[in-house]
Amino acid sequence: MLFGGTIQIRENGMIVVDALVKEYTGPKKQVTRAVDGVSFTAHQGEIFGLLGPNGAGKTTVLRILATILQPTSGTAIIDGSDIREDPLAVRRKIGFLTGAAGLYDRLTPIQNLMYFGRLHAMPEDLIKRRIDILVDKLDIGRYASRTCDKLSTGEKQRVAIARAMLHDPRVLYFDEPTSGLDVLAARTVMNFLRECRAEGRTILFSSHIMAEVEALCDRLTVIHRGVVTATGTIPDLRERTGATTLEQLFLRCIGEDHDSPMNIPHPKGIAK
Ligand SMILES: Nc1ncnc2c1ncn2[C@@H]1O[C@H](COP(=O)(O)OP(=O)(O)OP(=O)(O)O)[C@@H](O)[C@H]1O
Ligand SMILES: [Mg+2]
């Protein structure tokens, strides 16, 4: 266990997303519907994939679920708390790793972690204990006292993961956590996520790489142009699409396998 203790079982879904819609209004009042009625449920202790090509709406969904963005309509319940009605409770329960590391360049990893621990109003001795555990787990020790502007992409990513985990959240959102990492660093991140799952945490993992999702996720939702096109396990999706390779599976799930007679029409072809 990372921090000891057990996570209470929640039976009805840890992340319940219900008909989320997000429209962005541009400078000329043009409306882009980035998320168009997305629903899915992730259960406790599951790594749930959010798979989609660039621009599919993955980051937008995660930002809404993290209460950083307001949905245009629809809602989600995270570990029993509604993102619209109780955003503060949701923030306490989640850890969010997103593209921009957002670490303070002039602080060291330890100073960054201390700072974010205080923002969470954690007692000092608890912050220090958690930092010790995470620095060890994520192998941050070698550069823990160097300022963050002098860290590599992969080193910063590990510090950002430690920051997302510091307050011991039951629910984790990881937005393309392996992007820019070499195979070794990517493997460390993936093994870390498996460990989090073994502890009963629920993880939402976004990616555009089918192989990564296959290696890690118990179930997944595929989204394309803001719409859910498929939900299930990889074997479910293989069976429904008849795809033989992962690339074909991905293309068929998003309705873009134009060379195939089995092409499934976009966008709601195999949604379930
Ligand atoms: N602030 C914004 N204003 C207007 N449009 C936006 C804004 N943020 C995102 N979009 C648009 O919404 C759509 C979904 O974007 P989003 O970042 O959620 O996609 P994504 O699946 O995370 O893509 P990627 O794999 O490239 O990270 C895109 O068409 C994007 O251009
Ligand atoms: Mg994104």
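Residues numbered from 1 in each chain as written. Chains lettered and ligands numbered in written order. Predicted model: local features only at pLDDT ≥ 70, side-chain atom pairs only at ≥ 80, totals over all residues.

Engineer: How do you make sense of the nonpolar core when you look at a structure like this?
Structural biologist: Looking at soluble globular proteins, one finds that nonpolar side chains tend to be buried together. Counting 70 residues, the largest nonpolar core has Leu65, Tyr173 and Phe205 as its most contacted members. With six residues, helix α5 (residues 153-165) is the largest single contributor of residues to this core. Apart from the residues lying within four places of it in its own chain, the contact partners of phenylalanine 205 are Ile47, Phe48, Gly49, Leu50, Phe174, Leu193, Leu216 and Cys217. (Core = buried A, V, L, I, M, F, W, Y, C linked by C-beta atoms within 7 Å. Buried ≥ 20, exposed ≤ 12 C-beta atoms within 10 Å, placed from the backbone. Helix = DSSP H or I, 4+ residues; strand = E, 2+ residues; numbered from the N terminus. Contact = placed C-beta atoms within 7 Å.)

Engineer: When you look at the site of ligand 1 in this model, what are you seeing that I'm missing?
Structural biologist: Looking at ligand 1, the residues that line it are Tyr24, Thr32, Ala34, Gly52, Asn54, Gly55, Ala56, Gly57, Lys58, Thr59, Thr60 and His208. Those elements that place two or more of their residues in the shell around ligand 1 are β2 (31-42) and α1 (58-65). With three residues, α1 is the single largest residue contributor to the shell around ligand 1. Split into classes, the residues belonging to the shell around ligand 1 amount to three nonpolar, eight polar and one charged. (Near = placed C-beta within 6 Å. Nonpolar A, V, L, I, M, F, W, Y, C, P; charged D, E, K, R; others polar.)

Engineer: Is there a simple way to explain the sheet that holds β2 in this structure?
Structural biologist: Two pairing modes exist for strands in a sheet, parallel and antiparallel, and in both the strands are linked by backbone hydrogen bonds. Ordered by their spatial adjacency, four strands build an open sheet running β2-β1-β4-β5, and the pairing between neighbours is antiparallel. With one partner strand each, in any of the chains shown, β2 and β5 (81-82) form the two edges of the open sheet. Where strand β4 (residues 73-78) meets β5, two bridges bridge the pair, whose relative direction is antiparallel. Residue pairing in the sheet places isoleucine 78 in a bridge with serine 81 of β5. Along the sheet, α1 contacts β1 (15-25), β2 and β4; its crossing angle with β1, the most-contacted strand, is approximately 115 degrees. (Pairing = 2+ DSSP bridges. Axes fitted to C-alpha atoms, helices over the stretch in contact; angles between N-to-C directions.)

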